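Architecture and fold: a report
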Amino acid sequence: LALLSAQAQAQTYPSRNITMIVPFAAGGPTDVIARIVTGHMAQTLGQAIIIENVVGAGGTTATTRAARAANDGYTLITGHMGTHAASVPLYPKLAYHPEKDFEPVGLLAGTPILILARKDFPPKDLKEFIAYVKANESKVNAAHAGIGSVSHVSCELLNSVLGVKPIGVPFNGTGPAMNALVAGQVDYMCDQIVNAVPQINGGTIKAYAVATPERNPSLPDVPTTTEAGLPAFQAQAWNAIFAPKGTPPDVVAKLNAAVVKALEDDAVRKRLLELGSVIPAPADRTPAALGTLVKNEVAKWTPVLKPVN
Ligand code: MLT
């Protein structure tokens, strides 16, 4: 009977609005990517997808809520490298496990990391930035989106490469952190590219380098960390949709098909590429591929990151 009702549910799914939890503030990279892709998914599925920004604790508050939501396909989360990998070693009391408590639905985008600074931060290139931060480490501060967020973990990596411990300034997302950077209230930030391209092109912040092997087509003038003299700092994050564990496979398949269709749409692709994100290759768009990515990322970050409590 349970099986029959799950099948019947999958056939009619979705018959009402879907809630998409975004674990950071509006206007940040996860929110922007979720809105671009779910806007198209809603057309495919014939139901609205309502974004709900639930902030706090580096995205883990929202991710806990999503893990505990009904597994009927009507509550989903757009998580990322932080919420669904780095949080595991950082939060020993984490109330969910990314592998055990979620069904992977689909990868949305890869997001290269940039080293950014307020417009009037004195160093003019990455070499000067390294020297300046080393000389002033007790005075400079780095904005991030909470312990375990991508911006936090990426700058931890950068700071460990440089051997510095600047002051961290947490925000509820890099949307508000970017506003503070633009306003000159914080010194620097390691952020996903999506948030930064419009600001860099508008001249309201500066970018020292992109931490990927190749330059990004959306920012052709920004050197790679290798070109700029810091090859040891390489970082790219990712954002992806997850459903609570036990969501029926047919529902997951419908959602994944809608993700894939969105990633094939010219307007969606154009928007994602304009913002510097990397569209997953077809083989990386399946739920199984996302499950493997999460497993590998948890294994990658676990020996690198130390618990915070
Ligand atoms: C956001 O959307 O604010 C970011 O993904 C936060 C982060 O992880 O740095």
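To keep things clear, this report deals only with the structure shown in the data block. (Residues numbered from 1 in each chain as written. Predicted model: local features only at pLDDT ≥ 70, side-chain atom pairs only at ≥ 80, totals over all residues. Heavy atoms only, no water.)

Points about the pairing of strand S4 (residues 102-118)
Within a regular beta strand, the side chains point alternately toward one face of the sheet and then the other, so they alternate between its two faces. Judged by how many residues are buried, S4 sits mostly within the fold: 17 of 17 residues are covered. Pairing of S4 with strand S9 (residues 236-244), which is carried by nine bridges, proceeds in the antiparallel orientation. From the neighbouring strand, Gly-106 faces S9, where its bridge partner is Ile-241. Direction of pairing for S4 relative to strand S7 (residues 188-192): antiparallel, over a ladder of five bridges. Opposite Leu-116, over in S7, you have Met-189 as the bridge partner. Looking at chain direction, S4 and strand S8 (residues 205-210) are connected through five bridges and run antiparallel. Residue pairing in the sheet places Arg-118 in a bridge with Ile-205 of S8. (Buried < 20%, exposed > 50% of the residue type's maximum accessible area, 1.4 Å probe, protein only. Helix = DSSP H or I, 4+ residues; strand = E, 2+ residues; numbered from the N terminus. Pairing = 2+ DSSP bridges.)

Side note on empty space enclosed by the protein
Overall, the coordinates contain two cavities of 30 Å³ or more when judged by the stated rule. What the largest cavity holds in volume is close to 90 Å³. Lining of the largest cavity is provided by 15 residues; of these, Phe-24, Pro-29, Thr-30, Thr-174 and Gln-192 occupy positions nearest its centre. Among the secondary structure elements, those contributing two or more residues to the lining of the largest cavity are helix H2 (29-45), helix H6 (150-162) and S7. The greatest single-element share of the lining of the largest cavity, amounting to three residues, is contributed by H2. Across the lining of the largest cavity, the residue classes break down as five nonpolar, eight polar and two charged. Of the voids in this model, the second largest cavity is the one considered here, and its volume is about 50 Å³. Lining the second largest cavity are Met-81, Ser-154, Leu-157, Gln-234, Ala-235, Gln-236, Lys-300 and Trp-301. Sorting the residues of the lining of the second largest cavity by element identifies H6 and helix H11 (287-301) as the ones contributing at least two each. (1 Å grid on protein atoms, 1.4 Å probe; cavity = no way out; pocket = protein on both sides within 12 Å on 5 of 7 lines; lining within 4 Å. Points joined across faces, edges and corners; volume = space filled by probe spheres on them. Nonpolar A, V, L, I, M, F, W, Y, C, P; charged D, E, K, R; others polar.)

Examining the packing of H2 against helix H10 (residues 266-274)
The contact between H2 and H10 brings their axes to 10 Å, and the two run at 175 degrees. When the axis of H2 is compared with that of H10, the two are roughly antiparallel. Taking contact as the criterion, the partners of Ile-33, Ile-36, Val-37 and His-40 in H2 are, on H10, Val-268, Arg-271 and Leu-272. Looking at the contact of H2 with H10, its residues break down into five nonpolar, one polar and one charged. (Axes fitted to C-alpha atoms, helices over the stretch in contact; angles between N-to-C directions. Parallel < 35°, antiparallel > 145°, perpendicular 65-115°, else oblique. Contact = heavy atoms within 4.5 Å.)

Focus: the site of the ligand
Around the ligand, the neighbouring residues are Phe-24, Gly-28, Pro-29, Thr-30, His-80, Ala-145, Ser-149, Val-150, Ser-151, Gly-173, Thr-174 and Gln-192. Contacts to the ligand include Pro-29, whose backbone N or O atom sits 3.4 Å from an oxygen atom. Protein chains shield 100% of the accessible area of the ligand, which is 270 Å² for the free molecule. Under a 2 Å grid-point criterion requiring more than half of the atoms, the pocket assigned to the ligand is the largest cavity. Listing elements by their share of the shell around the ligand, those giving two or more residues are H2 and H6. (Near = heavy atom within 4 Å. Polar contact = N/O pair within 3.5 Å; in protein donor to acceptor, adjacent residues only side chain to side chain. Areas by Shrake-Rupley, 256 points an atom, 1.4 Å probe, with all protein chains shown as cover. Sits in = over half its atoms within 2 Å of the grid points.)

Concerning the packing of aromatic side chains
For any pair of aromatic rings, geometry is given as the distance between the ring centres together with the angle between the planes. This model, assessed by the stated rule, comprises seven aromatic pairs. Judged by centre distance (5.2 Å) and plane angle (75 degrees), the rings of Phe-121 and Tyr-132 are edge-to-face. One end of the pair, Phe-121, is in the loop between S4 and helix H5 (126-135); the other, Tyr-132, is in helix H5, and 11 residues separate them in sequence. Classification of Tyr-132 as partly exposed rests on a relative accessible area of 27%. Members of the aromatic cluster, each reached through a chain of ring pairs, are Phe-121, Phe-129, Tyr-132, Tyr-188 and Tyr-208. The aromatic ring of Tyr-74 is capped on one face by Arg-16, whose charged end is 3.8 Å from the ring centroid. (Phe/Tyr/Trp six-rings, centres within 6.5 Å; stacked < 30°, edge-to-face > 60°. Lys NZ or Arg CZ within 6 Å of the ring centre and 35° of its normal.)

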